[in-house]
Amino acid sequence: MSKQDKLVERLLQRPVDFTYDEARTLVSRFGYIEDNRGKTSGSRVAFIHKETKHIIRLHKPHPCNVLKMYQIDELIEALKNQEMI
């Protein structure tokens, strides 16, 4: 089982400790690039797919690195809508 497969499986289990770093790794393996342009973007981050230009938006969690459950749900929904998982 590849690292990508393990991350997908972990994401779909909706763990309470899924980190932003894990999310970034996962979407990058699906062809997304992180874009947080501008000094005023703050914790808002967009992941843009290289080919389709589909955008997944997340708020980078702080002070800890763990995503909130609604963010996990939005990430799952976005990847399912793009038929990546």
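Residues numbered from 1 in each chain as written. Predicted model: local features only at pLDDT ≥ 70, side-chain atom pairs only at ≥ 80, totals over all residues. Heavy atoms only, no water.

Engineer: Go over the packing of helix H1 (residues 3–12) against helix H2 (residues 20–29) with me, naming the residues and quoting the values.
Structural biologist: The N-to-C vectors of H1 and H2 enclose an angle of 125°; their axes lie 10 Å apart at closest approach. The orientation of H1 relative to H2 falls into the category oblique. Of the two elements, H1 crosses H2, and the hand of that crossing is left-handed. Together, Lys3, Gln4, Leu7, Val8, Arg10 and Leu11 of H1 and Glu22, Thr25, Leu26 and Arg29 of H2 make up the contact between the two elements. (Axes fitted to C-alpha atoms, helices over the stretch in contact; angles between N-to-C directions. Helix = DSSP H or I, 4+ residues; strand = E, 2+ residues; numbered from the N terminus. Parallel < 35°, antiparallel > 145°, perpendicular 65-115°, else oblique. Left-handed = near helix turned anticlockwise from the far one by under 90°. Contact = heavy atoms within 4.5 Å.)

Engineer: Explain the packing of aromatic side chains to me, and be specific about the residues and the numbers.
Structural biologist: Following the criterion strictly, the structure yields 1 aromatic pair and no others. For the ring pair Tyr20 and Phe47, a centre distance of 6.2 Å and an interplane angle of 40° mean the geometry is tilted. Residue Tyr20 is located in helix H2, and its partner Phe47 is located in strand S2 (residues 44–49); the two are separated by 27 residues in the primary sequence. Phe47 matches Tyr20 in its accessibility class, with the two residues each being buried. (Phe/Tyr/Trp six-rings, centres within 6.5 Å; stacked < 30°, edge-to-face > 60°. Buried < 20%, exposed > 50% of the residue type's maximum accessible area, 1.4 Å probe, protein only.)

Engineer: Can you explain the layout of surface pockets? Please cite residues and give values.
Structural biologist: Considered as a void within the structure, the largest pocket measures approximately 160 Å³ in volume. Lining the largest pocket are 10 residues, and of these Asp35, Arg44, Val45, Ala46 and Arg57 sit closest to its centre. Of all the elements in the fold, those that place two or more residues in the lining of the largest pocket are S2 and strand S3 (55–59). When grouped by side-chain class, the residues that make up the lining of the largest pocket number 3 nonpolar, 3 polar and 4 charged. (1 Å grid on protein atoms, 1.4 Å probe; cavity = no way out; pocket = protein on both sides within 12 Å on 5 of 7 lines; lining within 4 Å. Points joined across faces, edges and corners; volume = space filled by probe spheres on them. Nonpolar A, V, L, I, M, F, W, Y, C, P; charged D, E, K, R; others polar.)

Engineer: Give a description of the nonpolar core that names residues and reports values.
Structural biologist: Formed by 20 residues in total, the largest nonpolar core has its most connected members in Leu11, Phe47, Ile56 and Leu79. Elements represented by at least two residues in this core include exactly H1, H2, S2, S3 and helix H3 (69–81). The element contributing the most residues to this core is H3, with 5 residues. Setting aside residues no more than four positions away along its own chain, Leu79 makes contact with Leu11, Leu26, Phe30, Tyr32, Ile56, Met84 and Ile85. (Core = buried A, V, L, I, M, F, W, Y, C linked by side-chain atoms within 4.5 Å.)

Engineer: Lay out the side chain of His49 with the relevant residues and their values.
Structural biologist: By the element assignment, His49 lies in strand S2. Assessed through its relative accessible area of 8%, His49 is described here as buried. Side-chain polar atoms of His49 contact the backbone nitrogen of Thr52, separated by 3.2 Å. (Polar contact = N/O pair within 3.5 Å; in protein donor to acceptor, adjacent residues only side chain to side chain.)

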